[in-house]
Amino acid sequence: KKYDFIIVENNMYLYKILYCVVNSKFIFHLHNDIDNRNKPYSLCKFISNTASQVITCSEFLKERFYSITKCNQIAVLNNCVDFKIFTYSDMDRINLRKKYKLDKNDVVFLYIGRISEDKGIIPLIESFELIKNKNFKLFIIGDKENGDHHTISMFNNLIESSVKSKYLGKIFNKDLYKFISMADSVVIPTIVEEAFG
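Reading the values: rules and limits
- Residue numbers restart at each chain and count upward from 1, following the sequence in its written direction.
- The model is predicted, so local features are restricted to residues of pLDDT at least 70 and side-chain atom pairs to those at 80 or more, both for listing and for counting; the totals for chains, interfaces and linings are taken over all residues.
- Neither water nor hydrogens contribute to the side-chain values; these are computed over all heavy atoms in the structure.
- In this analysis an axis means a line fitted to C-alpha atoms, helices contributing only their contacting stretch, and an angle means the value between N-to-C directions, from 0 to 180 degrees.
- Where helices and strands are cited, they refer to DSSP runs of H or I of at least four residues and of E of at least two residues respectively, numbered from the N terminus.
- Throughout this description, any angle smaller than 35 degrees is read as roughly parallel, any larger than 145 degrees as roughly antiparallel, any in the 65 to 115 degree range as roughly perpendicular, and the remainder as oblique.
- We call two residues in contact when some of their heavy atoms are within 4.5 Å.
- Any residue outside Ala, Val, Leu, Ile, Met, Phe, Trp, Tyr, Cys, Pro, Asp, Glu, Lys and Arg is labelled polar, Gly included; the first ten of those are nonpolar and the last four are charged.
- By definition here, a salt bridge exists when the distance from a side-chain nitrogen of Lys or Arg to a carboxyl oxygen of Asp or Glu is within 4 Å.
- Whether a residue is buried, partly exposed or exposed follows from its accessible area with a 1.4 Å probe, protein chains only, as a fraction of its type maximum: under 20%, in between, or over 50%, in that order.
- Here, nonpolar core means buried Ala, Val, Leu, Ile, Met, Phe, Trp, Tyr and Cys residues that are tied together by side-chain atoms lying within 4.5 Å of each other.
- Between rings of Phe, Tyr and Trp, where Trp is taken as its six-membered ring, a pair exists when centres lie within 6.5 Å; planes separated by under 30 degrees are stacked, by over 60 edge-to-face, and by other angles tilted.
- Here a cavity is any set of points on a 1 Å grid over the protein atoms alone where a 1.4 Å probe fits but cannot get out, and a pocket is any open set with protein on both sides within 12 Å along at least 5 of 7 lines; a residue lines the site when it has an atom within 4 Å of a point.
- Grid points are joined across faces, edges and corners, and a volume is the space filled by probe spheres set on the points.
- Whether two strands pair depends on DSSP finding at least two bridges between them.
- When the strands point away from the viewer, a crossover counts as right-handed if the route from the first strand across the helix to the second turns clockwise.

Q: Sorry, what's going on with the packing of helix α2 (residues 41-50) against helix α3 (residues 59-69) here?
A: Any two packed helices are characterised by how steeply their axes cross, that is the angle between the axes, and by the distance between the axes. For the pair α2 and α3, interaxial distance at closest approach is 9 Å and the crossing angle is 90 degrees. Accordingly, the angle class assigned to the pair α2 and α3 is roughly perpendicular. Contact residues: α2 offers Tyr-41, Cys-44, Lys-45, Ile-47 and Ser-48, while α3 offers Phe-65, Ile-68 and Thr-69. Partitioning the contact of α2 with α3 into residue classes produces 5 nonpolar, 2 polar and 1 charged.

Q: Help me out: how do you make sense of the pattern of salt bridges in this one?
A: Between side chains of opposite charge, a pair can form as their charged atoms come close. Under the defined criterion, the tally for this structure stands at 8 salt bridges. Linking Arg-97 and Asp-184 is a salt bridge whose minimum nitrogen-to-oxygen distance equals 3.5 Å. With Arg-97 in helix α4 (residues 90-99) and Asp-184 in the loop between α7 (176-182) and β8 (185-187), this pair connects stretches of sequence that are 87 residues apart. Close ionic contact of Asp-118 with Arg-114 constitutes a salt bridge, the shortest N to O distance being 3.9 Å. Relative accessible area serves as the criterion here: at 25%, Asp-118 is assigned to the partly exposed category. Three or more residues joined by partner-sharing salt bridges are found here, namely Arg-93, Arg-97 and Asp-184.

Q: How do you make sense of the nonpolar core when you look at a structure like this?
A: One broad trend across soluble globular proteins is that nonpolar side chains are buried collectively. If you look at the biggest cluster of nonpolar residues, it comprises 20 residues, and the most contacted ones within it are Met-12, Tyr-15, Phe-28, Leu-30, Ile-47 and Phe-65. Breaking this core down by element, the ones donating at least two residues are β1 (6-9), α1 (12-21), β2 (26-30), α2 and α3. When near neighbours in sequence (up to four residues on either side) are disregarded, Leu-30 contacts Asn-10, Met-12, Lys-39, Ile-55, Thr-56, Cys-57, Leu-61 and Phe-65. With 14 residues, the next largest nonpolar core counts Phe-109, Leu-138, Ile-152 and Ile-159 among its residues.

Q: Please explain the packing of aromatic side chains as it appears in this structure.
A: A complete count under the given rule lists 10 aromatic pairs for this structure. With 5.8 Å between their ring centres and 85 degrees between their planes, Tyr-15 and Phe-28 make a pair best called edge-to-face. Note that Tyr-15 is positioned in helix α1 and Phe-28 in strand β2, a separation of 13 residues in sequence. Taking 5.1 Å as the distance between ring centres and 85 degrees as the angle between the ring planes, the aromatic pair formed by Phe-155 and Tyr-167 counts as edge-to-face.

Q: What am I meant to see in the layout of surface pockets here?
A: One water molecule sets the probe size; rolling that probe over the atoms shows where empty space is left. Its volume calculated, the largest pocket comes out at about 2,000 Å³. If you trace the largest pocket, you find 49 residues lining it, with Asn-32, Gly-113, Arg-114, Lys-119 and Glu-194 closest to the centre. Of all the elements in the fold, those that place two or more residues in the lining of the largest pocket are α1, β5 (107-112), α7 and β8. Of the residues in the lining of the largest pocket, the class split is 22 nonpolar, 14 polar and 13 charged.

Q: Would you mind showing me how to read the pairing of strand β3 (residues 53-56) here?
A: Successive residues of a regular strand alternate their side chains across the two faces of the sheet. Of the strand pairs in this sheet, β2 and β3 are connected by 4 bridges, and their pairing is parallel. Along β3, the bridge assignment pairs Leu-30 with Thr-56. Since β2 and β3 lie parallel, the crossover through α2 that links them has a hand, and here it is right-handed. Two elements, β3 and strand β4 (residues 74-76), share 3 bridges in a ladder whose sense is parallel. Note on β4: the bridge partner recorded for Val-54 is Ile-74. Taking the sense of rotation as the criterion, the β-α-β connection linking β3, α3 and β4 turns out right-handed.

Structure (structure tokens):
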């Protein structure tokens, strides 16, 4: 089939393969920082020379991509929230806090993200254990599948011995709003540049 455009989401390697085998115009959507490992400079330059358009999720990423490629075909399309999905009632908050046996005085902090070193999950849990206030609780939602073995091992040991932190596993995006409603604060402890923090 002939397509007007093919949009490749964030995978530079896939982009190069498809570009070489499919005769079409391409758009590349970038939503992670460039690190010369998963997003190597050579592929950034290849994309800048072949894509009809590069879309980034932030001005930060636009400037990063431009600094490496000098590409002028970069547009910013910020991440957004669909309020038809991410709208909750007080009952969502009440039910989840009851389910996890939270006291009305408990202050809930929520981490949502991959369980990986660059997301800062290990220092977050370690620092949380130092907080003296017993009413401060940390809930962690995330995927362990793509993390490195060392970080996952440390994470598992910390969670097992933690008094204040609870790992809820991977939660489907369509259900995240309920857990956000349960929290008093969302924590983003990333220790590398965050594309759209």
